[in-house]
Amino acid sequence: MAGTKTMTPSPSADLTVSTPRILRADARRNHDLLLETAGALFAQKGIDVSLEEIARTADVGIGTLYRHFPSRDALNEAVYRREVELLCDGVDELIATNSADDALAAWMGAFATYVARKRGMAVALKSALGADAELFSSSRRRMIAALDQLLANAVSAGLIREDVDSEDLLSAMSGICMASPDAAFADRTRRLVDLLIDGLRYRAASR
């Protein structure tokens, strides 16, 4: 039509559209980096490591940390959830790359590491949220589901005994880990977990 002009987007319009996506990706990267850094520092130095040190180690400003995690409790909870996700989300890969009993044994070893890393976080979070908080019940459900999958796989392969209950096994592993709080924690826990997996293999169908 006469008098109608075709509008061509200007370079500035393109920047206006793309910039939010760049910021979101950058924010996600900082969020994940802070969680990873905090988890590592908690394991090395304990739950009382300063937020300033976490931000400095992650090479971000303290303001960036507070934008993602407005309080220490918020950071602790996010790290706790991440540890559970890392523990439980790797089950399929363990099963795909190991024999059924070795997959179970590897997960049990990872669980021991998880307990060591989250010990201080759990105490702090129970104080802040309460022992019956959804965080703990949902985390336990995820771990039980992971164990159910690993145990079913190992029983089906005839590599562990059939009378194993996920709840009982999780309680046994928790007891082993919580009873080994000193400097020899890692070595002692590894030996006890090895004994536990040997007991699971006893009277297996294929043995």
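Now for a description of the structure that goes with this document. (Residues numbered from 1 in each chain as written. Predicted model: local features only at pLDDT ≥ 70, side-chain atom pairs only at ≥ 80, totals over all residues. Heavy atoms only, no water.)

1. Here we look at the overall build of the protein
Here is step 1: Helix and strand counts for the protein come out as nine helices and zero strands.
Here is step 2: Seen in sequence order, the protein has helices and strands lined up from the N terminus as α-α-α-α-α-α-α-α-α.
Here is step 3: Buried positions account for 38% of the 207 residues belonging to the protein.
Here is step 4: Contacts in the protein between residues far apart in sequence, at least 24 positions, make up 70% of those at least 6 positions apart.
Here is step 5: For the protein, the computed accessible surface area is about 11,800 Å², with 54% contributed by carbon and sulfur atoms. (Helix = DSSP H or I, 4+ residues; strand = E, 2+ residues; numbered from the N terminus. Buried < 20%, exposed > 50% of the residue type's maximum accessible area, 1.4 Å probe, protein only. Contact = heavy atoms within 4.5 Å. Areas by Shrake-Rupley, 256 points an atom, 1.4 Å probe, with all protein chains shown as cover.)

2. What to know about helix α8 (residues 166-178)
At 3.6 residues per turn, the α-helix brings residues three or four places apart onto the same side.
Here is step 1: The terminal C-alpha atoms of α8 lie 18 Å apart, and with 13 residues this matches the ideal 18 Å at 1.5 Å per residue to within 8%.
Here is step 2: Within the sequence span of α8, burial applies to Ser166, Leu169, Leu170, Met173, Ile176 and Cys177. Each buried residue of α8 sits inside an arc of 125° when the element is viewed along its axis, so together they form one side.
Here is step 3: The opening residue of α8 is aspartate 165, an N-cap whose side-chain oxygen sits 2.9 Å from the backbone nitrogen of glutamate 167. (Expected span 1.5 Å × (residues − 1). Arc of directions from axis to C-beta. Polar contact = N/O pair within 3.5 Å; in protein donor to acceptor, adjacent residues only side chain to side chain.)

3. Comments concerning the packing of helix α7 (residues 134-156) against α8
Here is step 1: Running from N to C, α7 and α8 point in directions that differ by 110°, and their axes come no closer than 9 Å. As summarised for this structure, α7 and α8 are arranged roughly perpendicular, according to the angle between their axes. Pair α7 / α8 crosses with right-handed handedness. Of α8, the residues touching α7 (which contributes Arg140, Met143, Ile144, Leu147, Asp148 and Leu151) are Ser166, Glu167, Leu169, Leu170, Ser171 and Met173.
Here is step 2: Its residues placed into classes, the contact of α7 with α8 shows seven nonpolar, two polar and three charged. (Axes fitted to C-alpha atoms, helices over the stretch in contact; angles between N-to-C directions. Parallel < 35°, antiparallel > 145°, perpendicular 65-115°, else oblique. Left-handed = near helix turned anticlockwise from the far one by under 90°. Nonpolar A, V, L, I, M, F, W, Y, C, P; charged D, E, K, R; others polar.)

4. What to know about α7
Here is step 1: Here α7 is 23 residues long and its end C-alpha atoms lie 33 Å apart, about the 33 Å a rise of 1.5 Å per residue gives.
Here is step 2: Within the span of α7, buried status applies to Leu135, Phe136, Ser138, Ser139, Met143, Ile144, Ala146, Leu147, Leu150, Leu151 and Ala154.
Here is step 3: Note on α7: the residue one or two positions beyond its end, glycine 158, has a positive phi of about 75°.

5. Concerning the environment of glutamate 36
Here is step 1: As for its placement among the helices and strands, glutamate 36 is situated in helix α1 (residues 11-45).
Here is step 2: Distance from glutamate 36 to isoleucine 54, taken between C-alpha atoms, is 9.8 Å for residues 18 residues apart in sequence.

6. Examining the packing of helix α4 (residues 72-89) against α7
A pair of packed helices is characterised by two quantities: the angle between their axes and the separation of those axes.
Here is step 1: Following both chains from N to C, one finds α4 and α7 inclined at 10°, their axes separated by 9 Å at the closest point. If you check the angle between α4 and α7, you find them roughly parallel. When α4 is examined against α7, the residues Glu77, Tyr80, Arg81, Val84, Glu85, Leu87, Cys88 and Asp89 are found in contact with a partner set consisting of Glu134, Leu135, Phe136, Ser138, Ser139, Arg142, Met143 and Ala146.
Here is step 2: Among the residues forming the contact of α4 with α7, the class breakdown is eight nonpolar, two polar and six charged.

7. Notes on the side chain of threonine 37
Here is step 1: Here threonine 37 shows up in helix α1.
Here is step 2: Taking the relative accessible area as the measure of exposure, threonine 37 reaches 9% and is therefore buried.
Here is step 3: Apart from the residues within four sequence positions on either side, threonine 37 is in contact with Ile54, Thr57 and Ala58.

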